[in-house]
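Each chain is listed here by its residues.
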Amino acid sequence: MSWSVGDEFTEKTFTVNRSDLKQYADASGDQNPIHQDEAFAQSVGLPNVIAHGMYTMALAGEAIRNWFGSEKSLTEFSTRFAKPVVVPAGEDVLLTFTGKISAIEGDQVIIDVTATCNGVKVLTQTKARVRL
Amino acid sequence: MAVHGPDLVGRRFSSQHTRLVTAEAISTFASAIEADPRFTPPTFLISFSVAAAEEFLPTIGFDWARVVHGDQRFVHHRDVRAGDELSYSSEIESYKNLAGNEFVSIRTDFISALDAENISSTWSTLVFRGEQS
């Protein structure tokens, strides 16, 4: 497969619910209760339980590997967590990723990624360098 | 809440022990993000670096209950593999207090305990939200 600057990728959507957050908490060791306990989240001024920012970033990484192949290495990967992903009880929240190649340097491709939840950009300045 | 200042910049903290990366830890992490468990996810090391920060920062007065993640960057010199034994050390690279919210940026370097190869570095900005926000 050969790539060109400007190539865009088919959008990739993940559904996220409370049990996904519990599974991510157990796998990552990040048991901060703001990601699991609604009363606690509200007691520290949050609207509701929010997803781990790193869970959203991990899914962005997975979208990228979905586009290029799971065996490909991301040699650099960065993002800013712009808005929280609110996950109400009993709901499946949709996280949608799109990507576009912004540069090609030798055997490495640089991709810009967008991440939206209910039309709101939850990540900004999301970039990855993929070794082909 | 303790008051912090720019003198935090340059503070270092380290893992007390090396940590072995197991195939199980990689596949458990991969499963949680719907990934192919045969390949290490690019964000896998976050569990090590955040755990180190979670141990250290509360000892100097940061309230872990008020933390949110501001930004994150990974640079991987090679993929982390099952069987890797990692030592890691962190340094506070910047500190800002903006309208009562504290922004702490931490770099963590991951080194192979076997051959001292620098495998990865991560940069995390953690935001400790002030009481008003």
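One can find the structure itself at the top, above this paragraph.
Cut-off values and rules
- Residues numbered from 1 in each chain as written.
- Chains lettered and ligands numbered in written order.
- Predicted model: local features only at pLDDT ≥ 70, side-chain atom pairs only at ≥ 80, totals over all residues.
- Heavy atoms only, no water.
- 1 Å grid on protein atoms, 1.4 Å probe; cavity = no way out; pocket = protein on both sides within 12 Å on 5 of 7 lines; lining within 4 Å.
- Points joined across faces, edges and corners; volume = space filled by probe spheres on them.
- Helix = DSSP H or I, 4+ residues; strand = E, 2+ residues; numbered from the N terminus.
- Buried < 20%, exposed > 50% of the residue type's maximum accessible area, 1.4 Å probe, protein only.
- Nonpolar A, V, L, I, M, F, W, Y, C, P; charged D, E, K, R; others polar.
- Contact = heavy atoms within 4.5 Å.
- Buried area = accessible area lost by both parts, 1.4 Å probe.
- Salt bridge = Lys/Arg side-chain N within 4 Å of Asp/Glu carboxyl O.
- Polar contact = N/O pair within 3.5 Å; in protein donor to acceptor, adjacent residues only side chain to side chain.
- Pairing = 2+ DSSP bridges.
- Arc of directions from axis to C-beta.

### Some details on the layout of surface pockets
One water molecule sets the probe size; rolling that probe over the atoms shows where empty space is left. Volume-wise, the largest pocket comes out at about 550 Å³. Along its surface, the largest pocket is lined by 34 residues, and H35(A), I50(A), G53(A), V68(B) and H69(B) are the ones closest to its centre. When contributions to the lining of the largest pocket are tallied by element, the ones reaching two or more residues are α1 (18-28), α3 (53-68) and β5 (120-131) of chain A together with α2 (46-56), β3 (67-76) and β6 (118-128) of chain B. Of all the elements, α2(B) adds the most residues to the lining of the largest pocket, at five residues.

### As for unusual backbone geometry
Phi at Q125(A) takes a positive value of approximately 50°, unusual for a residue other than glycine. Within the element layout of this structure, Q125(A) appears in strand β5. Positive phi, close to 50°, is recorded for A99(B), a residue that is not glycine. Along the chain, A99(B) falls in the loop between β4 (85-98) and β5 (101-112). Using a relative accessible area of 78% as the deciding quantity, one classes A99(B) as exposed.

### Side note on empty space enclosed by the protein
Residue and element names in this part refer to chain B. On inspection of all chains with the given rule, the structure shows one cavity of 30 Å³ or more. Considered as a void within the structure, the largest cavity measures approximately 50 Å³ in volume. What lines the largest cavity is S49, V50, A53, I106, T108, S124 and L126. If one sorts the elements of the lining of the largest cavity by residue count, α2 sits on top with three residues. Classifying every residue of the lining of the largest cavity by side-chain character gives four nonpolar, three polar and no charged.

### A look at the interface of chain B and chain A
The interface of chain B with chain A comprises 31 residues on the first partner and 32 residues on the second. Buried surface at the junction of chain B and chain A, summed over both partners, amounts to about 2700 Å²; 56% is from carbon and sulfur atoms. The largest share of the area that chain B buries against chain A comes from A32(B), I33(B) and P42(B), three residues that together contribute 18% of it. At the junction of chain B and chain A, the tally comes to two salt bridges. The residue E76(A) makes a salt bridge to R73(B) at a minimum N-O spacing of 3.6 Å. At the junction of chain B and chain A, the tally comes to seven residue pairs in polar contact (both at pLDDT 80 or more). Those elements that provide at least two residues to the side of chain B that touches chain A are α1 (23-32), α2 and β3 of chain B. Among the elements that line the side of chain B that touches chain A, the one with the most residues is β3(B), at ten residues. For the side of chain B that touches chain A, a count of residues per class yields 14 nonpolar, ten polar and seven charged. By the bridge criterion, five bridges tie strand β2 (residues 73-81) of chain A to β3(B) in an arrangement that is antiparallel. When the bridges of β3(B) are listed, R80(A) appears paired with D71(B).

### Some details on α1(A)
Among the residues of α1(A), those classed as buried are D20(A), L21(A), Y24(A), A25(A), A27(A) and S28(A). In this structure, the buried side of α1(A) is in contact with β1 (8-16) and α3 of chain A together with α1 and α2 of chain B. One or two steps after α1(A), the chain reaches G29(A), where phi turns positive at roughly 85°.

### Observations concerning α1(B)
An α-helix turns once every 3.6 residues. As a result, residues three or four positions apart point the same way. By the burial criterion, the buried members of α1(B) are I26(B), F29(B), A30(B) and A32(B). Looking straight down α1(B), one finds its buried side chains confined to an arc of 160°; they lie on one side. Looking at α1(B), the residues exposed on the side facing more than 90 degrees away from the buried face are A23(B) and E24(B). Close packing links the buried residues of α1(B) with α1 and α3 of chain A together with α2 of chain B. Residue E34(B) follows α1(B) closely and has a positive phi angle near 60°.

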